[in-house]
Amino acid sequence: MTQEQFDRANKLQNKIKYLEDKNNAFERVIDRLKGTQMQDIQFRLNDAWVATPIGTIDYSDLVNFLVQQRLKNETKIEEMQKEFGKI
């Protein structure tokens, strides 16, 4: 294995670990949201604006978004693992 291949493999391994950690965090949030009876989440931006806006997100929309992000990351992980296997 050349130094260039080693560096590429190391970089891929770090990216895979990062995405796996993100997916684990997504999964914890998804599990917690699925266990609630609430319909939406209200949030308030904490910034320097005088009239701080309040937003509302539907729980099911948030869960669906998190699931989509997790699936997107899983696809990236699979692609990186294939590339890692070729090195």
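How each quantity is defined
- Residue numbering note: each chain is counted from 1, following its sequence as written.
- Side-chain atom pairs in this predicted model are given and counted only at pLDDT of 80 or more, local residue features only at pLDDT of at least 70, and totals for whole chains, interfaces and linings cover all residues.
- The basis for every side-chain value is the complete set of non-hydrogen atoms in the structure, without hydrogens or water.
- For helices the rule is a DSSP run of H or I covering at least 4 residues; for strands it is a run of E covering at least 2, with both sets numbered from the N terminus onward.
- The globule rule used here is 2.2 Å times the number of residues to the 0.38 power, and the radius of gyration it is set against is calculated over C-alpha atoms.
- In these notes, a set of buried Ala, Val, Leu, Ile, Met, Phe, Trp, Tyr and Cys residues joined through side-chain atoms within 4.5 Å is what counts as a nonpolar core.
- For each residue, the accessible area found with a 1.4 Å probe, counting protein chains only, is set against the maximum for its type, and the residue is called buried under 20%, exposed over 50%, and partly exposed in between.
- Residue contacts are counted whenever heavy atoms from the two residues lie within 4.5 Å of one another.
- Here a patch means residues that are over 30% exposed by relative accessible area and free of salt bridges, tied together within 9 Å if like-charged and within 5 Å if nonpolar (Val, Leu, Ile, Met, Phe, Trp, Tyr).
- All accessible-area figures derive from a Shrake-Rupley calculation using a 1.4 Å probe, and residue coverage is judged against the displayed protein chains alone.
- Take a side-chain nitrogen of Lys or Arg and a carboxyl oxygen of Asp or Glu: if they are within 4 Å of each other, that pair is a salt bridge.
- Working rule for helices: expected span equals 1.5 Å times residues minus one.
- What counts as an axis is a line fitted to C-alpha atoms, over the stretch in contact for a helix, and the angles between N-to-C directions run from 0 to 180 degrees.
- Here is the rule for angles: anything less than 35 degrees is roughly parallel, anything more than 145 is roughly antiparallel, 65 through 115 is roughly perpendicular, and the remaining ranges are oblique.
- Rotating anticlockwise by less than a right angle from the far helix to the near helix defines a left-handed crossing, while the corresponding clockwise rotation defines a right-handed one.
- Under the scheme applied, nonpolar residues are Ala, Val, Leu, Ile, Met, Phe, Trp, Tyr, Cys and Pro; charged residues are Asp, Glu, Lys and Arg; polar residues are all the others, including Gly.

Caption draft 1: Broad picture of the overall build of the protein. Along its length, the protein carries two helices and two strands. Across the protein, helices and strands are ordered from the amino to the carboxyl terminus as α-β-β-α. Over its C-alpha trace the protein gives a radius of gyration of 19 Å, far above what one expects of a compact globule, namely 12 Å for 87 residues. Taking the principal axes of its C-alpha atoms as reference, the protein extends roughly 55 × 35 × 15 Å.

Caption draft 2: Representation of the nonpolar core. Formed by Phe26, Ile30, Leu33, Tyr59, Val63 and Leu66, the largest nonpolar core amounts to six residues. Within the residue set of this core, elements represented by two or more residues are helix 1 (3-34) and helix 2 (59-86). Residues in contact with Leu33, not counting those within four places in the same chain, are Ile41, Tyr59, Leu62, Val63 and Leu66. Grouped together as the second largest cluster of nonpolar side chains are five residues, Leu12, Ile16, Leu19 and Ile77 included.

Caption draft 3: Examining the side chain of Asn23 more closely. On the secondary structure map, Asn23 appears in helix 1. Among the residues examined, Asn23 registers a relative accessible area of 8% and is labelled buried. The residues contacting Asn23, other than those within four sequence positions of it, are Gln69, Arg70, Asn73, Glu74 and Ile77.

Caption draft 4: Geometry of a nonpolar patch on the surface. Side chains of Met1, Phe6 and Ile87 sit close together on the surface and give an oily, nonpolar patch of about 320 Å² of accessible area. With respect to the secondary-structure elements, Met1 resides in the segment before helix 1. For Met1, a relative accessible area of 68% puts it in the exposed group.

Caption draft 5: Looking closely at helix 1. The terminal C-alpha atoms of helix 1 lie 46 Å apart, and with 32 residues this matches the ideal 46 Å at 1.5 Å per residue to within 8%. Where helix 1 is buried, its residues touch strand 1 (40-44) and helix 2.

Caption draft 6: Summary view of the environment of Gln13. By the secondary structure assignment, Gln13 is in helix 1. Classification of Gln13 by relative accessible area gives partly exposed; the value is 45%. When the C-alpha atoms of Gln13 and Val67 are compared, they prove to be 23 Å apart, with 54 residues separating the residues in sequence.

Caption draft 7: Just the packing of helix 1 against helix 2, in detail. One way to put it is that helix 1 packs onto helix 2 with a least axis distance of 9 Å and a crossing angle of 160°. Classed by the angle they form, the pair helix 1 and helix 2 counts as roughly antiparallel. Of the two elements, helix 1 crosses helix 2, and the hand of that crossing is left-handed. Here the residues of the contact of helix 1 with helix 2 are counted per class, giving 16 nonpolar, five polar and 10 charged.

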